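Tertiary structure, described
Each chain, written out:
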Amino acid sequence: MSDTDTAEEGHCCISHEFLEVASTNPHKIAVIRASGGSRICRELREKFLDKPGFDGSNEEDEFFDHRISSYPPFYEEDECFTFSEISASVDSLSCRIRHILDGGDDPNLIRRRGYSDREQTLDGKLSEPSKMVKVTGDQFTKFQNVDNTPKILAIYMVPSVEYIIAVLSVLRCGEAFLPLDPSWPKERILSIVSSSNVEFVIKGDCCDKSDWLVDHSCSLLCISMKGNLRDPFNQPHLSWPCESTNPRTFCYLMYTSGSTGKPKGVCGTEQGLVNRILWMKELFPLDGEETLVFKTSISFIDHLQEFLGAILTGAPLVVPPFEELKANPFCIIDFLKVYCVSRLTIVPSMIRLILPAIESPQSKCVRRSLKLLVLSGEILPLSLYNMLHKLLPETSILNLYGSTEVSGDCTYFDCKRLSLVLETEELSSVPIGIPISNCDIVLVKEPKASNEGEIYVGGHCISIGYFHNPTITSLDYVKLPEESVYNCFPSKESATQLHFRTGDFAKQLRSGDLVFLGRKDRTIKVNGQRVALEEIENTLREYPNVIDAAVIFHKDDGKPAFLVAYIILKINDEYQESLGSSIGSWLAKKLPPVMIPSRYLCVDSLPLLSTGKINYACLEELTFSRRWSQNGIGVTECGFDPLQVIKKAFSNALMIEKIADDDDFFRMGGNSITAAQVAYKLGIDMRFLYIFPCAAKLRNFLKREGPYKDSSPIFTDLVVRPKPEEGKMLHLSDSVDPNLHKSMSHTRALTIPPGKSDKLPVSSKYLKTNSILYTTSGSLHPQDIQSLFSSFNFSKACSFSRCNKVMCKGEYEINDVGPCWSVEIARNRKGSMRELWKVHLDSCVDASPLIVFNEGQMYLFIGSHSQKFLCVNAISGSIQWQVKLEGRIECSAAITSDFSQVVVGCYKGKIYFLDFMTGNISWAFQTGGEVKSQPVMDKCRNLIWCGSHDHNLYALDYRNHCCVYKTSCGGSVYGSPSIDLVHDMLYVASTSGRVTAISIKALPFSIVWQYDLGVPVFGSLSISSPSGIVICCLVDGHVIALDPSGSIIWTVVTGGPVFAGACISYVIPSQVLICSRNGSVYSFDLEGGHLLWQYDVGEPITSSAYVDENMQLSDTSNLSNRLACICGSSGSIYLLRINSNAITYGNELGKEIEDPVVQKFAYMNLQGDIFSSPVMIGGRIYVGCRDDYVHCISVEDLRF
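Note that the structure is predicted; figures quoted are calculated from it, not measured. (Residues numbered from 1 in each chain as written. Predicted model: local features only at pLDDT ≥ 70, side-chain atom pairs only at ≥ 80, totals over all residues. Heavy atoms only, no water.)

1. Notes on the overall build of the protein
Summing up its helical and strand segments, the protein has 28 helices and 65 strands in all. Here the protein holds 1200 residues, and the buried ones make up 63% of them. A fraction of 65% describes how many contacts in the protein between residues 6 or more apart in sequence connect residues 24 or more apart. Carbon and sulfur atoms make up 50% of the accessible area of the protein, which amounts to about 44200 Å² in all. (Helix = DSSP H or I, 4+ residues; strand = E, 2+ residues; numbered from the N terminus. Buried < 20%, exposed > 50% of the residue type's maximum accessible area, 1.4 Å probe, protein only. Contact = heavy atoms within 4.5 Å. Areas by Shrake-Rupley, 256 points an atom, 1.4 Å probe, with all protein chains shown as cover.)

Now the structure itself:
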C-alpha cells in the first residue's frame, strides 16, 4: 500500500506522472481561470432575452465571435496557464515548503501566535507514533514505524489554480495534504487542524498576522499563482517521493462525517489515486480536443479525480469562479456552454436540478459537446437515467460507487449495458456495476441470501485507516469472515488481505453487476457527501435550550430529499416560530452546510422502541405539513389565476401538501437548490423568489411583468411592480415582529399607553448638533419649500449620498451638515409629496444619487444602465453635462476631497475620474470585474477606495494616477467600504461574508483582522462615530454589530433578507435603521441592539433609508420629529415621521409617553420599480427609478 507499490506497474507517483505530461505539452494550456466566459453569458442574455422568438440558435455563434482561441476556448478577462507555468509554480512552491519544513523561514510564512525561535529547531522532528495513524492487519505492520508518517499540510482554499498548485507541491515534497473547505464553520476547521497535527496552513488569499487562523495558533503560508511565477524559489535538490527509502504511508487526509458524533479523518494513498486515474484513462481515453471542468467542493473526494484527471492526462481544465457556482447552481450551464466542456462529474441530485436547463433550446451546444457524464455519490434512479439518456443519446454515462475510504470509486457501471441487464432484471435504480482495475469487491452474505450481502472492498483503492482514531479503524478494516463470504469477484489475495467494511449492502445480478440495496446504519448521502445523522444529533444536543434531538432524512422517489430535526426543548420557547432560524444559525458555526437540517419541529417527546432507543421509523411516518403563518396579508382569487400553479410548484419542491397564499417559501424549508427547482418549473428568474417568497406576492408580480423581464446580476436588477399595500402605524408595544429573534437577553420595549400627554424634554444628544436653524409654522406649502430651499447657504462645500453619508470640504467635522429649518405641524396631520422635476436617462436608474453643494450651487450626479452619467442642477433639473461610459452604471458616485473630480465605476470594471465642471475623463483605472461598489473618499490620505467583482479592494491615488494598495476580500464587493476617520480604520465586506478591517493610518496599510460572517453581505457597512461600531447587514436577515477589534457586540435577526446598508443619522440619536425585504423598517439601539420600533410598509424594500437632517417637524408640545424616506421595491415612496425624543425619554426608568414613535407622514407612488437608495435634504427627495428617470420630489403639508 505504500507509494513504492505503484512503481511496480511503471507509474511510480503523481509527481512523475505530472512531470511527464508537462514536459510533453509545455506550451499547451493546462488551466483556465474562467471569468470572461461568465461575463459573456450574462451580456448575451441581456442582448437576446427580450428579443421576440429568440431560441438560442445563434448563441453559439456569439460565443465563437468572442473567443480568443477556438481550442481550448477562452475569452477576454480569462487567465490561462500553460503546463510549463504550472510545473514551474509547483517546483517553486514545493521547494519553499521543503525549506520551511526543514526549519527555514519564508517571507510569506506567518508564524502562529506564541511561536518561538526554539520551536524552529523542533519543526523538523516528526510527531510521536501514538499521535499518528493506527492501523491493523499483518500487511500494514511496516507502516507502524513512525518514520513512514508524513507531515500534514492543510490547504484552505476553494477550487482554484492555487489549490491545484498546492496539492501537487505537497505531493512533490513527499508529505500529505489536508483539504480545509472554507465553507466549513471555524469551529470545525480549528478542531480538525488541532487533531491532525498540521504543520501549517496554505492559503490562497492575502493574509497577515491578524488572520483568524493565526489567532488560533495556526501558521499560514500565503501563495498565489502569479507570486510563484514572479518570485521563484529554487533549491539545489529535492528528492522524488517515490525514491525515498521510507515511503510515506498516505498522501492525503480527508475528513468525513462520523457515526460517533465526531468527524473522522481518512488517510488516502497515492496508489489509490493513481490507480483510479489510470483506470479511467484506459476505459475512456481522451480523444482529440476535450475540455474538463473543476467545480466540486474540496470537501468531497471526487474533487481530486476531477482536477487530477485533467492535469495528469494533458486536458485543459476550466476553473469557474467558485462563489458564482455557490450562489447560483444553474450557472454551471454557462460554463459548460462557453467552454465546450466534454466531461462532467456530478451527483445525481444536481444533474436532476439542472436538467431543465440542459433541455432548453439555449443549451444545444452543451448536449453536443458533452461526451462523458460521470454520476457518483448517490443512487442513480432508473427514471432519472431514462431522462438523461433521452436528452443525451450520444453521451456515455457512467454510474460509479465508492467512498472516501476507497479513493473515491471502486465499482462502475457503463450504462450502455443497461438495456441488456433490464431484459432479465426488474430494477428501480441503475446498478453500481463491477470493480475497477486492481480492486477486490466481496459480499459478506446475509443469512438465507446467497447473492446479497455487505460490501467489503480490498485492493489498491483502499486507504490505510483513520487518522488518530484506533477504535474506529479496528471496526472498519477487517479480515474477511470466511464462513460467510459470498465472493462475487474472486481474487487470490481475498482471504489474506485486509478489507474495508463499507456498511453498504448490495445484490449481485445475473449479469454479474452489483445493485445497491442500502444501509442498516444511519449514515446517508446528501448531495453526494456522506453525513452521519448521529453527528448532527449530538451537535443539536449542545444547544442551550435543547434536551434531546432526533434527525431523519426524508425522501420521496423523484423528489429532493432533506433533513428534518425533531427537538425537545427544556422550556417552552416564546420564539418557536423563529427557532429554526436561530438553531440553524448556531449549527452553521459548527457543521458544514450539507449537515444543516432544512426543518426543525418542536415536540414534547420522541417515540421510543421497547429497547429505549428512538423509533426513527415512527418519525418517518409523520407528515410534514406544518405551516408558519404570517399576519396581515390576504389575497382573494377571481377568474383564472396562476396562484395555484405557483403553490403547486412550492408544494412539489418543499414536499409539503398544503401551501397557504402567504407562506414564506424559505421559512417553510426552501433553500437555493429548491428555489432553483421552482424557478425552472415556473420559468422565472430564481432571484424573484428572494424578493417575493410568498405565492401571492409572486403571483402579483408575474401578473404584471411576466417571468423574463429581467436578466441582470443577482439581487440588484430586479423588476418588481406589485400593487403596494397600505402600511400601518405601529406603537412600540405592538410593533415587534414575531419572527424577530435576538441573541441577547430580552429587554422591555417602550410602551405607549393611551391618555398620556406628558411633555417630553428635548434630547440632549440632538442639541449637540452644530446647524443653522430656520423656523416656520402652520402649513408647509410648495412656495415655502422653494423659498426656504433656495435660501440654503452652506458654509462650505459638502456632499450627500445614500445612508446619510455626508462629507464636507476641509477639516473633518462631526455633525456639521449645514442649515436646518423647523416646521411646526400638528402631530395628527399628514403631508403629501409632489414631483418637481425628473430627468430621463434612457434606461433603468438603479444607482443612488450623489448631491453636491459647491460654490453656491447644488448639483446631482447619477448614472444608469444606458451607460450615461449626468450632472444635473439639483434645483432646476437642467442637465449641466453628460458623458457615456463603457459599461452600465449601478453604483453611486463619489466626490474627491478637493471637489475637483467625480468618481464612478461601471460594469466594464473601470473606475472613472471625471472633471467636476465638464465631465471630461481625467483618469480611468481598470479592475478585474464589474464595479458596483460606490467609491469612498479618504480625505486624510487623498485616496479613493473602491471594491470590485474581482474580489479586490483598491486604494487609488487620483492625483498621481496610480493604485497604492490592493487586497483580496474573499468575495465580490458590492457595498461600499466605510472609513472610521477617528480610529484611522477602513472596513469592507464581501459576498463571501468576510469583513476585513484595515489600518490606514500610514502606508503600508495592513489588515488588522478579518471576520467571516458566513453569509453574503451586499449592502455597505455603516460606522457609528465616535464609538467605531461597525454595522453589518447580511442577506439572511441578520444584523451584526462589531467593535473596532472585530468582536461581536450584538446580533439581531430581522424578518427577511437585507440587501442594503444600515442608515445611521445623528438627528435620531442611538438608532440604526434597517430596511428588510419582508417590508419592515427596523430601528435598533446602537449600543445594545434592542428593538426600538418597527414599521411595516407592506411591500419589499431593497434600498436603504435616509433621514432628513436639514428639516425637523415640531408641534405645540415642542416635540421634535424627523422624516425618514423609505422606498419600496414596487415604486412606492414613504415618509415616516419619527419622534426621536421618545426613544431617549422613554428609555428612562418609569417613563411612558403617548405619541407613537413612528407613523406614516406621506406617501407617493412612481411608475417604475425602485432599487435606488434615496437622498433627502431639507424636504427634497432625490431618487432613481426603473421608469428610466431620476426624480426630484418635494414634501408638502396637507390639512384635514
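That covers the picture; the talk isn't over yet.
2. Some remarks on the nonpolar core
Ile 86, Ile 97, Tyr 163 and Leu 304 are the most contacted members of the largest nonpolar core, which totals 55 residues. Counting residues per element, this core draws most heavily on helix H7 (residues 161-172), at 9 residues. Listed in part, the 48 residues of the second largest apolar core include Phe 74, Phe 330, Ile 332 and Leu 382. (Core = buried A, V, L, I, M, F, W, Y, C linked by side-chain atoms within 4.5 Å.)

3. As for the side chain of Thr 1054
The residue Thr 1054 is located in the loop between strand S55 (1048-1053) and strand S56 (1071-1075) in this model. Look at Thr 1054 and you get buried, because its relative accessible area is 4%. In terms of polar contacts, Thr 1054 uses its side chain to reach the backbone carbonyl oxygen of Gly 1056, at 2.8 Å. (Polar contact = N/O pair within 3.5 Å; in protein donor to acceptor, adjacent residues only side chain to side chain.)

4. Concerning the sheet that holds strand S50 (residues 994-999)
With antiparallel pairing, 4 strands are arranged side by side in an open sheet as S48-S49-S50-S51. Single-partner strands in this sheet number two, and they are strand S48 (978-980) and strand S51 (1006-1012). Averaged over all neighbouring strand pairs, the angle between strand axes comes to 20°, with direction disregarded. As paired elements, strand S49 (residues 985-989) and S50 share 5 bridges and run antiparallel to each other. By the bridge assignment for S50, Tyr 987 is matched with Ala 997. (Pairing = 2+ DSSP bridges. Axes fitted to C-alpha atoms, helices over the stretch in contact; angles between N-to-C directions.)

5. Digging into the environment of Ala 34
Here Ala 34 is to be found in the loop between strand S1 (29-33) and helix H3 (36-48). The spacing of Ala 34 and Phe 74 is 40 residues in sequence and 7.7 Å in space, taken between C-alpha atoms. Beyond its immediate stretch of four places on either side in the chain, Ala 34 contacts Asp 78, Val 318, Val 319, Pro 320, Pro 321, Phe 335 and Tyr 339.

6. Here's the deal with helix H23 (residues 643-654)
Taking 1.5 Å per residue as the helical rise, H23 with its 12 residues ought to reach 16 Å, and the 16 Å between its terminal C-alpha atoms agrees with that figure. Where H23 is concerned, the buried positions are Leu 643, Ile 646, Lys 647, Ala 649, Phe 650, Ser 651, Ala 653 and Leu 654. (Expected span 1.5 Å × (residues − 1).)

7. Examining the pairing of strand S38 (residues 868-873)
Successive side chains on a regular strand alternate, one facing one side of the sheet and the next facing the other. Counting buried positions along S38 yields 5 of 6 residues, so the element is predominantly enclosed. Relative to S38, strand S37 (residues 857-863) is paired through 5 bridges, and the arrangement is antiparallel. Following the sheet pairing, Ile 862 is matched in S38 by Leu 870. The hairpin turn running from S37 into S38, its antiparallel successor, is 4 residues long, and Gln 867 in that turn takes a positive phi close to 80°. Bridging between S38 and strand S39 (residues 879-884) involves 5 bridges; their strand directions are antiparallel. Following the sheet pairing, Leu 870 is matched in S39 by Gln 882. Counted between consecutive antiparallel strands, the loop separating S38 from S39 contains 5 residues, among which Gly 877 sits at a positive phi close to 85°.

8. Overview of the packing of aromatic side chains
A full pass over the atoms with the stated rule returns 31 aromatic pairs. By the ring-pair criterion, three or more aromatic residues cluster together here, those being Tyr 859, Phe 861, Phe 869, Trp 881 and Phe 916. In this structure, Arg 888 is placed above the aromatic ring of Tyr 907, and the distance from its NZ or CZ to the ring centre is 4.3 Å. (Phe/Tyr/Trp six-rings, centres within 6.5 Å; stacked < 30°, edge-to-face > 60°. Lys NZ or Arg CZ within 6 Å of the ring centre and 35° of its normal.)

9. Describing the packing of helix H2 (residues 14-24) against helix H5 (residues 83-101)
Remark: H2 packs on H5, axes separated minimally by 8 Å, with the N-to-C direction vectors making an angle of 140°. Here H5 runs oblique to H2, going by the angle between their axes. In this structure, the crossing between H2 and H5 has a hand that is left-handed. On the side of H2, the interface is formed by Phe 18, Val 21 and Ala 22, while H5 contributes Phe 83, Ile 86, Ser 87 and Val 90. Class assignment for the residues of the contact of H2 with H5 results in 6 nonpolar, 1 polar and no charged. (Parallel < 35°, antiparallel > 145°, perpendicular 65-115°, else oblique. Left-handed = near helix turned anticlockwise from the far one by under 90°. Nonpolar A, V, L, I, M, F, W, Y, C, P; charged D, E, K, R; others polar.)

From the geometry alone we can't say anything about function, so treat these as descriptive.
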